[in-house]
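Examining the three-dimensional arrangement
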Amino acid sequence: MSADPRLLVVDDEPDLRTLYEMTLLREGYTLDSAGTVEDALELLGSRRYDAVITDMRLPDGNGLDLLRWLEQHGRTERAVVITAYGSPENAVEALKAGAFDYLTKPVDLRQFRMVVASALGRVTRAEEMAVRPSGSAASAAANVAREQAKAAPPVSMPGTGAVKDAFRDGASDADGPASLRDPVMPPLTQTSPPPASAPTATEPSAAAVRKPAATRAKPPLTGSTSALERLVGDSVAMRQVRELIEKVARSMAPVLLNGESGTGKELVARAIHDVSARRPQPFVAVNCGAIPEQLLEAEFFGYRKGAFTGATEDREGFFQAAHGGTLFLDEIGDLPLAMQSKLLRALQERSVRPVGAVAEMPVNVRLLSATHKDLAAEVAAGRFRQDLYYRLNVIQIRVPPLRERMEDLVPISARVLSRIAGDAGVEPVPQLTPAALAALARYSFPGNVRELENLLHRALALSGGDGIDVADLGLPDSLLGGPEGVDIPFDVADAVEVVAMPPEVTGSAPLPTDLAVYLDDVERRILLRALEQHRNNRTAAGASLGLSLRQMRYRMARLEISLGGEEA
Ligand SMILES: Nc1ncnc2c1ncn2[C@@H]1O[C@H](COP(=O)(O)OP(=O)(O)OP(=O)(O)O)[C@@H](O)[C@H]1O
């Protein structure tokens, strides 16, 4: 993007066009404007823009025509569509058609500036100051705690309450004092006193739980590997999921991730964040089902000092912590109806009101949510608000259970084994025996990838030797999906080879940057192991590797392997 972004504004109402132009000019952008689809296309044909802001309804067509044109011509302009009030279906249509974001009439100019800035990958100074005057580590703490909880020592079955509960402590670990500034918005008419259900000092307030500074200071979870790289699997289903991730990462469209527990919904959410322009900003993961109902509002929107007994300082909520980044609401189907309404309002207004505050503050958050429930059925049963469902479900990604993509079992096992063996300092990485692989292939994995991880964790601890056999897996006989000889979706012999391969070969780790050095290293380690096994007898070690003594000598000299005085 150029240093001085150029925008195209498309609206047929001259007054509105002028208003948008004045607002954007004041932000320092360069502008062109058009009143019809035809004029806009002519301008687009003659030059490139950084963003296009278009009204939905135009005299000779609509904003979607422009979106389609941009798509067909492979153009990179981000589009913001302005839709009429009360027509959420237009907004959804625009997002599905590839709009970066949308605004609803009458357009709030503060939101307008914020959305345009966000489309340009910028954050307006006013919103940054309003939301996070002194920065925040809350998101990092939330993420760290959640990850630690999930990576906790192996449990026999996934998705236990303990995991979720462990997360709660950290998820709410807003880094206080957040010293929230006076909001930039004028007070709303419906300012209400803090809810009667607000937490008191005697309640087990999640917000009051602190983590030691050391925990907060931990590096980002993804480290150098992005979540997309961590998402292993080459099944058709996973390839489709990956394609969707790349696609949805380009806009602000809300995404609903649907799938059983442990399938990788959070990993997919992280991947969307990592691929998007929001990557440098926080990714805040929240488990909605783990927060007591009376604390939800304070946890989500923050609170002001004195808002309730025990509120000794201002604290930011998840929305403020995720400002500029991505808020991932896991188990959204567990939110009580009252909180659903508040969440809907926050999404519509793009602003939140901390408990005890008199006015709202703008928040710029991309929302991703996940559930293992059938939300449409929840709507039909009256347990989930239809309007909220509509807003969250603009794009849906189904993450299939592992048993529906058993082709992924081999590469995922290879990756997981190499990671946990590396973490535990176990070398070489123990391999699954053919029998163990065949047994895994017959298992139905009710706990999906998380269960596979836990199984391999335990197996590695139990195996002791080089190979992991069926007994080490501890698979419950009753859960084995079928008899011996059941159709296994891969050739076990090939699979054993794949699992035995280093992750760089199976595609589950980045390629080596210097192949010669990498191969020398592998060769050196193999020769050293063989020599160790044969008490430094070069002839025997060479023979075990199919090498003559001469070849062995040559290779040892080349790789500078010396046995000291005791060469045999
Ligand atoms: N395709 C995959 N490749 C490698 N690891 C994966 C994959 N899918 C999931 N995992 C790992 O499995 C574990 C569970 O994944 P994740 O927490 O994303 O699942 P989830 O669907 O969000 O679960 P829940 O619904 O219980 O919150 C994580 O450790 C994650 O890194």
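Residues numbered from 1 in each chain as written. Predicted model: local features only at pLDDT ≥ 70, side-chain atom pairs only at ≥ 80, totals over all residues.

Observations regarding helix H12 (residues 265-275)
Spelled out, the test is: For every residue, the other C-beta atoms within 10 Å of its own C-beta are counted; 20 or more classify it as buried, 12 or fewer as exposed, and values in between as partly exposed. C-beta atoms are placed from the backbone. Secondary structure elements are defined from DSSP: runs of H or I of at least 4 residues count as helices, runs of E of at least 2 residues count as strands, and each element is numbered from the N terminus.
The buried fraction of H12 amounts to nine of the 11 residues, a majority that puts the element mostly inside the structure. All of the buried residues in H12 are Lys 265, Glu 266, Val 268, Ala 269, Arg 270, Ala 271, Ile 272, His 273 and Asp 274.

Let's talk about the pairing of strand E2 (residues 30-34)
For clarity, the cut-off: Whether two strands pair depends on DSSP finding at least two bridges between them. Look down the strands so they point away from you; if going from the first strand over the helix to the second traces a clockwise path, that crossover is right-handed.
In the sheet, strand E1 (residues 6-10) pairs with E2 via five bridges, with the strands oriented parallel. Paired with Arg 6 across the strands is Thr 30, a residue of E2. What joins E1 to E2 is helix H1 (residues 14-26), and the crossover it makes is right-handed.

Section: the sheet that holds strand E13 (residues 366-371)
Sheet strands pair via backbone hydrogen bonds, and the direction of the pair is either parallel or antiparallel. Stated precisely, the cut-off is as follows: As a rule, the C-alpha atoms of each element are fitted with a line to give its axis, helices using only the stretch in contact, and angles between N-to-C directions run from 0 to 180 degrees.
Pairing is parallel in the open sheet, where five strands are placed in the order E9-E10-E13-E8-E14. The sheet terminates laterally at strand E9 (283-287) and strand E14 (395-398), the two strands that pair on one side only. Strand after strand, the sheet turns through a mean of 20° between neighbouring axes, direction not considered. Judged from the five bridges that link them, E9 and strand E10 (residues 326-330) form a sheet pairing that is parallel. Bridge pairing in E10 links Phe 283 to Thr 326.

Looking at helix H11 (residues 236-248)
The cut-off we apply is this: Here, expected helix span is obtained from the residue count minus one, scaled by 1.5 Å. To be clear, the arc concerns the directions from the helix axis to the C-beta atoms. A pair of residues counts as a contact when their C-beta atoms, built from backbone coordinates, are within 7 Å of each other.
For H11, built from 13 residues, the straight-helix expectation of 18 Å at 1.5 Å per residue is met to within 8% by its first-to-last C-alpha distance of 18 Å. Every buried residue of H11 is accounted for by Met 238, Val 241, Ile 245 and Val 248. One face of H11 carries all of its buried residues, which in axial projection span an arc of 95°. Turned more than 90 degrees from where H11 packs its buried face, Val 236, Arg 239 and Glu 243 sit exposed. In the core, the buried residues of H11 are packed alongside helix H10 (227-230), strand E8 (255-258), H12 and E14.

Brief notes about the UniProt feature "modified residue: 4-aspartylphosphate" (unreviewed entry) in the chain
Heads up, the rule is: UniProt positions are given in the numbering used here, feature names are shortened, and annotations may be inferred rather than shown by experiment.
Feature annotation in UniProt places "modified residue: 4-aspartylphosphate" (unreviewed entry) on Asp 55, given in this structure's numbering. Structurally, Asp 55 can be placed in strand E3 (residues 51-55). When the 24 C-beta atoms within 10 Å are taken as the criterion, Asp 55 is described as buried. The contact partners of Asp 55, leaving out residues within four places of it in the chain, are Val 10, Asp 11, Asp 12, Gly 63 and Ile 82.

What to know about the sheet that holds strand E7 (residues 101-104)
Judged by pairing direction, the sheet is parallel, and its five strands sit side by side in the order E2-E1-E3-E6-E7 without closing on themselves. Whereas interior strands pair on both sides, the edge strands pair on one side only; in this sheet they are E2 and E7. For this sheet, the mean inter-axis angle between neighbouring strands, taken without regard to orientation, is 20°. Of the pairings in the sheet, the one linking E3 to strand E6 (residues 78-83) comprises five bridges and is parallel in character.

As for the site of the ligand
Cut-off, in case you're wondering: Near residues are defined by distance alone, with the backbone-placed C-beta atom required to lie within 6 Å of the molecule or strand. Amino acid classes used here: Ala, Val, Leu, Ile, Met, Phe, Trp, Tyr, Cys and Pro are nonpolar; Asp, Glu, Lys and Arg are charged; the rest, including Gly, are polar.
Close contacts around the ligand come from 21 residues, with Ser 261, Gly 264, Lys 265, Glu 266 and Val 449 the closest. Elements with a minimum of two residues in the shell around the ligand: H12, helix H18 (409-424) and helix H20 (448-463). When its residues are assigned to classes, the shell around the ligand shows five nonpolar, eight polar and eight charged.

Description of the nonpolar core
What counts here: By definition, a nonpolar core groups buried Ala, Val, Leu, Ile, Met, Phe, Trp, Tyr and Cys residues that connect through C-beta atoms lying within 7 Å of each other.
The biggest cluster of nonpolar side chains holds 119 residues, and the ones touching the most others in it are Val 80, Val 268, Phe 319 and Leu 327. Per element, the largest residue contribution to this core is seven residues, and it comes from H18. Those residues in contact with Val 268 that sit more than four places away from it in its chain are Leu 231, Val 241, Ile 245, Leu 257, Ile 397 and Val 399. Listed in part, the five residues of the second largest apolar core include Leu 527, Leu 531, Met 552 and Met 556.

Thoughts on the pairing of E3
Side-chain direction in a regular strand flips from residue to residue, so the side chains alternate between the two faces of the sheet. Along E3, five of the five residues are buried, which leaves the element largely enclosed by surrounding structure. Both faces of E3 are covered, namely the face carrying Ala 51, Ile 53 and Asp 55 and the face carrying Val 52 and Thr 54. Pairing analysis gives four bridges linking E1 to E3, with the strands arranged parallel. Paired with Val 9 across the bridge in E3 is Ile 53.

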